[in-house]
Protein chains: 10
Amino acid sequence: MITAFVHIQTEPSAANGVAAGLTAIEGVAEVYSVTGEWDIIAIVRLADYDQLAKTVPDQIGSLKGIVRTSTVLAFRSFTKEEIAATWDIGLS
Amino acid sequence: MITAFVHIQTEPSAANGVAAGLTAIEGVAEVYSVTGEWDIIAIVRLADYDQLAKTVPDQIGSLKGIVRTSTVLAFRSFTKEEIAATWDIGLS
Amino acid sequence: MITAFVHIQTEPSAANGVAAGLTAIEGVAEVYSVTGEWDIIAIVRLADYDQLAKTVPDQIGSLKGIVRTSTVLAFRSFTKEEIAATWDIGLS
Amino acid sequence: MITAFVHIQTEPSAANGVAAGLTAIEGVAEVYSVTGEWDIIAIVRLADYDQLAKTVPDQIGSLKGIVRTSTVLAFRSFTKEEIAATWDIGLS
Amino acid sequence: MITAFVHIQTEPSAANGVAAGLTAIEGVAEVYSVTGEWDIIAIVRLADYDQLAKTVPDQIGSLKGIVRTSTVLAFRSFTKEEIAATWDIGLS
Amino acid sequence: MITAFVHIQTEPSAANGVAAGLTAIEGVAEVYSVTGEWDIIAIVRLADYDQLAKTVPDQIGSLKGIVRTSTVLAFRSFTKEEIAATWDIGLS
Amino acid sequence: MITAFVHIQTEPSAANGVAAGLTAIEGVAEVYSVTGEWDIIAIVRLADYDQLAKTVPDQIGSLKGIVRTSTVLAFRSFTKEEIAATWDIGLS
Amino acid sequence: MITAFVHIQTEPSAANGVAAGLTAIEGVAEVYSVTGEWDIIAIVRLADYDQLAKTVPDQIGSLKGIVRTSTVLAFRSFTKEEIAATWDIGLS
Amino acid sequence: MITAFVHIQTEPSAANGVAAGLTAIEGVAEVYSVTGEWDIIAIVRLADYDQLAKTVPDQIGSLKGIVRTSTVLAFRSFTKEEIAATWDIGLS
Amino acid sequence: MITAFVHIQTEPSAANGVAAGLTAIEGVAEVYSVTGEWDIIAIVRLADYDQLAKTVPDQIGSLKGIVRTSTVLAFRSFTKEEIAATWDIGLS
């Protein structure tokens, strides 16, 4: 599973419209309006790396009301189970 | 449900250790090493706003190997169902 | 009580109009024109976390004359009384 | 009344100690650990401009565990009453 | 005496016009076109803190040709006489 | 007359000591502790351009407790008298 | 061989068009839409330094839909063979 | 094929050593010392997305002499052939 | 001799036109289109400090196609001869 | 001729020493201590592109007292003569 965090800055007053548009795009799992310099964070979850290009720059990138985006891609996820299996969790 | 995205910059070579420590903290739902200027994004999901202070600045903030954090908090989540119920999705 | 600091950059000459609009929004407790890179800081105080979405991105976000906002949310407040009850205040 | 917002970045794990120290300083009205790039926002309220120098750079500036501060000073506060008295609030 | 340094970025070719406008505002003591990312620095000197709001955001803020401003306010001034009276100036 | 604004960031708790050192340097006309990302602004006024190198990078630059400086130099000063003599001040 | 990495920010929805235009320019070896604050990275490979000016600021710079570019030029490339010939690779 | 651009800032005088270390890591296709704020750009080419985590944060991330990294990942590559097959290249 | 480096960001496709305009201004000694976040660096060499205001903000500042400038002024130049005369060049 | 502008930030009080070191490096044509966020700008002029790697990252990069460098490389130089030969200088 490929996970990406798309940070989105929208035009003033356009956040809710952009958020609505995001939820209609396949692969967009969760959409939040957020605090801080960005207006929206969308979590994209895709089975296959090749779907990213169509989902992020093509579909998300073409939504009206978006000023700027910055996508952060997950290298790897860490879960309790994996950690227990591989590392000593004796962290102070 | 309160959702927060904790962006973490770690000391060089410390990312995996910090990620392991994060998975042991209650309320930390997902942990990823990521591309871009940050090293890790942790998704925190909590039932109650008052738990944030203990989870983020106290527990996450005290993990060794962290240089800098910036937490982004969700105002609201948007789902297809909610959108269909409230907005006309006829976005061009 | 949820406390948030909404940092606002306005269009040139629009600060006073935006400030006036802010005072009419429920939950906006204090409004200041300020020094530095931002033009206005509004302190939002709300009883319930769920009211944030309506107050900040919806109502504040839709005021005319706003170029950019960045909201900072309080995790926890610290008071003398709490500190005395929990920490040794013998700070040099 | 002079109002100032002191934005503080602390050393990792030092936020609570710095916050405690802040509450012991006269003129520091409210202290919050916060989301975003800063760790703490302290609201300083003073009767007289000349007290600022002693409160902010001297006392706050000398607390252990502080990496960086940026103080924002209020030019003017806006209240509903003042706005009603001076501006036409007929905002669309 | 309250001293403030108003850093101003103007629209291309507008610096001289903005500078001229600044000199007509009461409380603006000195105006310079400058090197670096800002185009103008104006030194404001006022007897009373309450005059700042009218001088900086209202009057300076409403001059045509201004893109962005950032005001820095003096906490305290340091003079040789004061230093001699209070500190040992035996600096190597 | 050459006018320069030396913006100085000091080590935590070092601002007053650096300010004291500045007042002892010839050509440093005014020294202020200030709000914002910088800790001190020093106004340097010199009769001759060639004195700048000795005053700013050499003398100011060698003061203990300084982390970073950024000097802004005046191209030209604007005064009411000059403006009246050269421009039509009929600014709307 | 001269190698350059041209980082390109495009207008919203313009990335694919700009990318298409890039592939038609001689010397542009590879073109990618990418994560992060930039939208596109183009790798330029040229035999001769003097061709850079025509390729980057002239041809690439004149493509429609580009907001901002930042070109990074290679000083030297490092290959396993060169390293083996000159350095001890006994890196821990 | 997965393509990534790893931007690396090294400690002063450490660039050549880090570059040498990079060339010994499988998946690192090209390594350049470069102009601009970064010291090195490494092009990583991998057959499989899952190899990224081991190559970038683990192996590259653990090289001595690295201060900071920022990895940019390619969504999609654009080639003349693909463009000719899909888009009308009639760009003015 | 006064030396200044004028860093210039131009509108897309305007770099060559701005560069041409620069070469026609007296005091502009060298003009380069450059890599990095700026598009042009112009070296200004003037006999007299007072000429700077006319050359940089007035003449250069009024050229069409300029988005932003940042001028860096030389405090002092260092030459081999001066260094040999004053410092021990035995730098390890 | 290859022209490069090496922007250098030095450790506090180290500027003069670094400047001296620079003048001893072949290819470094001019060295200035400067205003603004950088401490030194060195102009490098080399006959051949391949010399850059040895001059900038190797020799300059290894000088003691340097915190950070950012090199800007000239694509092309513009001179009055060339402009007159190629462009109509009838700029309004």
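Scoring rules and cut-offs
Residues numbered from 1 in each chain as written. Chains lettered and ligands numbered in written order. Predicted model: local features only at pLDDT ≥ 70, side-chain atom pairs only at ≥ 80, totals over all residues. Heavy atoms only, no water. Helix = DSSP H or I, 4+ residues; strand = E, 2+ residues; numbered from the N terminus. Rg over C-alpha atoms; globule rule 2.2 N^0.38 Å. Buried < 20%, exposed > 50% of the residue type's maximum accessible area, 1.4 Å probe, protein only. Contact = heavy atoms within 4.5 Å. Buried area = accessible area lost by both parts, 1.4 Å probe. Salt bridge = Lys/Arg side-chain N within 4 Å of Asp/Glu carboxyl O. Polar contact = N/O pair within 3.5 Å; in protein donor to acceptor, adjacent residues only side chain to side chain. Nonpolar A, V, L, I, M, F, W, Y, C, P; charged D, E, K, R; others polar. Pairing = 2+ DSSP bridges. Least-squares fit on C-alpha atoms with pLDDT ≥ 70 in both. Axes fitted to C-alpha atoms, helices over the stretch in contact; angles between N-to-C directions. Phe/Tyr/Trp six-rings, centres within 6.5 Å; stacked < 30°, edge-to-face > 60°. UniProt positions renumbered as here; feature names shortened; annotations may be inferred.

## Some points on the overall build of chain A
(1) Moving on: Helix and strand counts for chain A stand at three helices and four strands.
(2) Moving on: In sequence order, the secondary structure elements of chain A are arranged as β-α-β-β-α-β-α.
(3) Moving on: Here the C-alpha atoms of chain A give a radius of gyration of 16 Å, more than 25% beyond the 12 Å that 2.2 N^0.38 yields for 92 residues.
(4) Moving on: When its C-alpha atoms are laid out on the principal axes, chain A stretches across 50 × 30 × 15 Å.
(5) Moving on: Considering chain A as a whole, with its 92 residues, one finds that 60% of them fall into the buried category.
(6) Moving on: Counted over contacts in chain A with a minimum sequence separation of 6, partners at least 24 positions apart contribute 66%.

## A short note on the interface of chain B and chain A
(1) Moving on: Taken together, the contacts link 35 residues of chain B with 35 residues of chain A.
(2) Moving on: Summing the contributions of chain B and of chain A, the shared interface buries around 3,100 Å²; its carbon and sulfur component is 65%.
(3) Moving on: Counting across the chain B and chain A interface gives two salt bridges.
(4) Moving on: Taking the shortest distance from any N to any O, the salt bridge between Glu30 of chain B and Arg45 of chain A comes out at 3.0 Å.
(5) Moving on: Counting the contacts that link chain B with chain A gives 13 residue pairs in polar contact (both at pLDDT 80 or more).
(6) Moving on: For the side of chain B that touches chain A, the secondary structure elements donating two or more residues are strand E1 (2-10), helix H1 (15-23), strand E2 (28-34), strand E3 (40-46), strand E4 (66-78) and helix H3 (80-86) of chain B.
(7) Moving on: The biggest single contributor to the side of chain B that touches chain A is E4 of chain B, with eight residues.
(8) Moving on: In the side of chain B that touches chain A, the residues fall into 18 nonpolar, twelve polar and five charged.
(9) Moving on: Looking at chain direction, strand E4 (residues 66-78) of chain A and E2 of chain B are connected through four bridges and run antiparallel.

## Focus: the interface of chain D and chain E
Accessible area lost on assembly of the parts is the figure often given for the size of an interface.
(1) Moving on: Taken together, the contacts link 13 residues of chain D with 13 residues of chain E.
(2) Moving on: Broken down residue by residue, the surface that chain D buries against chain E is led by Tyr49, Phe75 and Arg76 of chain D, which jointly contribute 58%.
(3) Moving on: Linking chain D to chain E there are two salt bridges.
(4) Moving on: The interface formed by chain D and chain E holds four residue pairs in polar contact (both at pLDDT 80 or more) in total.

## Some remarks on the relation of the copies chain D and chain E
(1) Moving on: Superposition record for chain D on chain E: RMSD 0.0 Å, screw rotation 180 degrees, translation along axis 0.0 Å. In symmetry terms, the pair is related by a two-fold rotation axis. Taking C-alpha positions as the reference, the residue of chain D nearest the rotation axis is Tyr49 of chain D, at 3.6 Å.
(2) Moving on: Mapped onto chain E, 100% of the interface residues of chain D are again interface residues, and the two copies thus contact each other with one and the same surface.

## Describing the relation of the copies chain B and chain A
For these two chain copies, the linking operation is a rotation about an axis paired with a shift along it.
(1) Moving on: Under the fitted operation, chain B is carried onto chain A by 0.0 Å of movement along the axis and a turn of 180 degrees, and the coordinates agree to an RMSD of 0.0 Å.
(2) Moving on: A symmetric contact is evident, with 100% of the interface residues of chain B recurring at the interface of chain A.

## Regarding the sheet that holds strand E3 (residues 40-46) of chain C
(1) Moving on: Read around the closed barrel, the eight strands follow the order E1(C)-E3(C)-E2(C)-E4(D)-E1(D)-E3(D)-E2(D)-E4(C); overall the barrel is antiparallel. With direction set aside, neighbouring strand axes in the sheet form an average angle of 35 degrees.
(2) Moving on: Against the sheet, helix H2 (residues 51-59) of chain D touches strand E1 (2-10), strand E3 (40-46) and strand E4 (66-78) of chain D, its axis set at about 165 degrees to E3 of chain D.

## Some points on the packing of aromatic side chains
Within a pair of aromatic rings, the relevant descriptors are the distance that separates the centres and the angle that separates the planes.
(1) Moving on: With the rule as written, the count across this model stands at 20 aromatic pairs over all chains.
(2) Moving on: A centroid spacing of 6.1 Å and a plane angle of 80 degrees characterise the contact between Phe5 of chain G and Phe5 of chain H, whose relative ring orientation is edge-to-face. Of this pair, Phe5 of chain G sits in strand E1 (residues 2-10) while Phe5 of chain H sits in strand E1 (residues 2-10), on two different chains. Each member of the pair Phe5 of chain G and Phe5 of chain H is classed as buried.
(3) Moving on: Centroid distance Tyr32 of chain G to Phe5 of chain H: 5.7 Å. Interplanar angle 70 degrees. Geometry classified as edge-to-face. Taken together, the residues Tyr32 of chain G in strand E2 (residues 28-34) and Phe5 of chain H in strand E1 connect one chain to another.
(4) Moving on: Given the relative accessible area of 7%, Tyr32 of chain G is considered buried.
(5) Moving on: Judged by its relative accessible area of 1%, Phe5 of chain H falls in the buried class.
(6) Moving on: Among the aromatic residues, ring-to-ring pairing joins Phe5 and Tyr32 of chain A together with Phe5 and Tyr32 of chain B into one connected group.

## A look at the UniProt feature "domain: Transcription regulator AsnC/Lrp ligand binding" (unreviewed entry) in chain A
(1) Moving on: Summarizing the sequence annotation, UniProt attributes the feature "domain: Transcription regulator AsnC/Lrp ligand binding" (unreviewed entry) to residues 6-76 of chain A in the numbering used throughout.
(2) Moving on: Taken end to end, residues 6-76 of chain A is 25% helix and 42% strand, and its two terminal C-alpha atoms sit 17 Å from one another.

## Focus on the environment of Val67 of chain J
(1) Moving on: You can see Val67 of chain J is positioned in strand E4 (residues 66-78).
(2) Moving on: Sequence-wise, Val67 of chain J and Ser33 of chain J are 34 residues apart; in three dimensions their C-alpha atoms are separated by 15 Å.
(3) Moving on: Every residue in contact with Val67 of chain J, bar those within four places of it in the chain, is listed here: Pro12 of chain H together with Gln9, Thr10 and Glu11 of chain J.

## Thoughts on the environment of Thr69 of chain A
(1) Moving on: Its place among the elements puts Thr69 of chain A in strand E4.
(2) Moving on: Since its relative accessible area comes to 21%, Thr69 of chain A is described here as partly exposed.
(3) Moving on: Linking Thr69 of chain A and Ala24 of chain A, residues 45 residues apart in sequence, is a C-alpha distance of 18 Å.
(4) Moving on: Every residue in contact with Thr69 of chain A, bar those within four places of it in the chain, is listed here: Val6, His7, Ile8 and Trp38 of chain A together with Gly36 of chain G.

## Topic: the arrangement of the chains
(1) Moving on: Kept free of each other, chain E and chain H leave a smallest C-alpha distance of 18 Å between them.
(2) Moving on: Chain D shows no contact with chain I. Their nearest C-alpha atoms sit 24 Å apart.

## A closer look at the pattern of salt bridges
(1) Moving on: The tally for this structure, following the rule as stated, stands at 40 salt bridges over all chains.
(2) Moving on: The closest approach of N and O atoms between Asp58 of chain F and Arg76 of chain I, which form a salt bridge, is 2.9 Å. Placement of Asp58 of chain F in helix H2 (residues 51-59) and of Arg76 of chain I in strand E4 (residues 66-78) is noted, with the two residues assigned to different chains.
(3) Moving on: Salt bridges sharing common partners tie together Glu30 and Arg45 of chain A together with Glu30 and Arg45 of chain B.

## Considering the pairing of strand E2 (residues 28-34) of chain J
All names here are of chain J.
(1) Moving on: For E2, the buried fraction is high: six of the seven residues fall into the buried class.
(2) Moving on: As paired strands, E2 and strand E3 (residues 40-46) are joined by five bridges and run antiparallel to one another. The residue bridging Tyr32 from the neighbouring strand is Ile41, located in E3.
(3) Moving on: What sits between the antiparallel neighbours E2 and E3 is a turn of five residues, in which Gly36 has the positive phi angle 90 degrees.

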